[in-house]
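# Remarks on the overall topology
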Amino acid sequence: MRLTTKTNLAVRVLMACAVNDGITLRSAEIADACNASLNHLLQVVNALQGFGFVDTIRGRSGGLRLTRPAAQISIGDVFRVFESGVPFAECFAAETNTCPLSETCRLRGYLSRAVEAFYHELDMVTLEDLTKGNCGLTALLAVPDRLRNTCTESALA
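Everything in this summary refers to the structure shown in the same document. (Residues numbered from 1 in each chain as written. Predicted model: local features only at pLDDT ≥ 70, side-chain atom pairs only at ≥ 80, totals over all residues. Heavy atoms only, no water.)

## Section: the overall build of the protein chain
Short version of the rule: Here a strand is any run of E in DSSP of at least two residues, a helix any run of H or I of at least four, and the numbering for each starts at the N terminus. Each residue's exposure class comes from its accessible area (1.4 Å probe, protein chains only) as a fraction of the maximum for that residue type: buried when under 20%, exposed when over 50%, partly exposed otherwise. We call two residues contacting when some pair of their heavy atoms lies within 4.5 Å. Computed with a 1.4 Å probe, the accessible areas rest on the Shrake-Rupley method; for each residue, only the protein chains presented here act as cover. We score Asp and Glu as negative and Lys and Arg as positive, and we do not count His or the chain ends. Where a charge lies is defined by one atom per residue type, namely NZ (Lys), CZ (Arg), CG (Asp) and CD (Glu).
For the protein chain, the count of helices and strands is eight helices and two strands. Helices and strands in the protein chain line up, N terminus first, as α-α-α-β-β-α-α-α-α-α. Each of the 157 residues in the protein chain was classed as buried or not, and the buried ones make up 34%. Across the protein chain, contacts joining residues at least 24 apart in sequence account for 67% of those joining residues at least 6 apart. About 9800 Å² of surface is accessible on the protein chain, with carbon and sulfur atoms providing 51% of the total. With 15 positive and 16 negative side-chain charges, the protein chain shows a separation of 4 Å between the mean positions of the two kinds.

As structure tokens, then:
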């Protein structure tokens, strides 16, 4: 199993927002911190905003921030949004399936259960679980000159 670039970027954006809780971040700051293309990141931010994960503010002092506390954002929900359009295997996409085994193959049922188990595990993970007390992540994603006091200098080293 391999995640799409958009899912990966979505989680990076959300982690950056969680690490910088209460601060409106610019997309360019997040792109720099996450080593991401600004164009790709903007597409992801648009989707995150559309699905209610972030609020965006236009203009000179604009940017983005989480719509709700990190503890209320399920990583499973995020993955479902960004991975839902990508079939796990060819036989999962009825309109483009050309596999001659589809009618008799039992693998699809096992794969379906495995994918659901994957999402079930991610449903139990919140954005807060990924970011709270993660001083290394804070050091990487905190906006310059805004490092939090929650991580001591020795923890950042």
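## A look at unusual backbone geometry
If you check the backbone angles, Asn35 has positive phi at about 55° while not being a glycine. Tracing the sequence through the fold places Asn35 in the loop between helix H2 (27–34) and helix H3 (38–50).

## Quick notes on the side chain of Ser27
The residue Ser27 is located in helix H2 in this model. Excluding residues within four positions of it along the chain, Ser27 makes contact with Leu38, Leu41, Leu42, Val45 and Leu64.

## Overview of the layout of surface pockets
In plain terms, the rule: Buriedness for pockets is judged along seven lines, at least five of which must meet protein on both sides within 12 Å for an open set on the 1 Å grid over protein atoms alone, while cavities are sets there where a 1.4 Å probe fits but cannot get out, and lining residues have an atom within 4 Å of a point. Grid points are joined across faces, edges and corners, and a volume is the space filled by probe spheres set on the points. Amino acids are sorted into nonpolar (Ala, Val, Leu, Ile, Met, Phe, Trp, Tyr, Cys and Pro), charged (Asp, Glu, Lys and Arg) and polar (every other residue, Gly among them).
Each pocket or cavity is described by its volume, and for the second largest pocket that value is around 310 Å³. Lining the second largest pocket are 13 residues, with Ser27, Leu42, Val45, Thr56 and Ile57 sitting closest to its centre. Here the residues of the lining of the second largest pocket are counted per class, giving four nonpolar, seven polar and two charged.

## Section: the packing of helix H4 (residues 75–83) against helix H5 (residues 107–123)
Selection rule: Interaxial angle, 0 to 180 degrees, is taken between N-to-C directions of lines fitted to C-alpha atoms, where a helix line uses only the stretch in contact. When describing relative orientation, an angle under 35 degrees is termed roughly parallel and one over 145 degrees roughly antiparallel, while 65 to 115 degrees is termed roughly perpendicular and anything else oblique.
Where H4 contacts H5, the two axes come as close as 6 Å, and the packing angle between them is 135°. By the angle between their directions, the pair H4 and H5 is classed as oblique. Residues Ile75, Gly76, Asp77, Phe79, Arg80 and Glu83 of H4 form the contact with H5, whose participating residues are Glu116, Phe118, Tyr119, His120, Leu122 and Asp123. Within the contact of H4 with H5, the residues separate by chemical class into five nonpolar, two polar and five charged.

## Here we look at H5
Note the following rule: Any helix carries an expected span of 1.5 Å times its number of residues minus one. What the arc describes is the spread of directions from the helix axis to the C-beta atoms.
End to end, H5 covers 24 Å across 17 residues, agreeing with the expected 24 Å (1.5 Å per residue, within 8%). Of all the residues in H5, the buried ones are Val115, Tyr119 and Leu122. Across the axial projection of H5, the buried residues extend over an arc of 60°, all falling on one side. In H5, the exposed positions angled more than 90 degrees off the buried face are occupied by Tyr110 and Arg113. Looking at the buried positions of H5, the neighbouring elements they touch are H4.

## Concerning the pairing of strand E1 (residues 54–57)
Cut-off, in case you're wondering: What makes two strands pair is DSSP finding at least two bridges between them.
In the sheet, E1 pairs with strand E2 (residues 63–66) via four bridges, with the strands oriented antiparallel. In the sheet register, Ile57 faces E2, and the bridge partner there is Gly63. Counted along the chain from E1 to the antiparallel partner E2, the turn is five residues long, and its residue Gly59 has a positive phi close to 105°.

## Focus on the environment of Cys105
Tracing the backbone through its elements, the reader meets Cys105 in the loop between H4 and H5. On the basis of relative accessibility, which here comes to 39%, the residue Cys105 falls in the partly exposed class. Placed 14 residues apart in sequence, Cys105 and Cys91 show a C-alpha to C-alpha distance of 9.7 Å.

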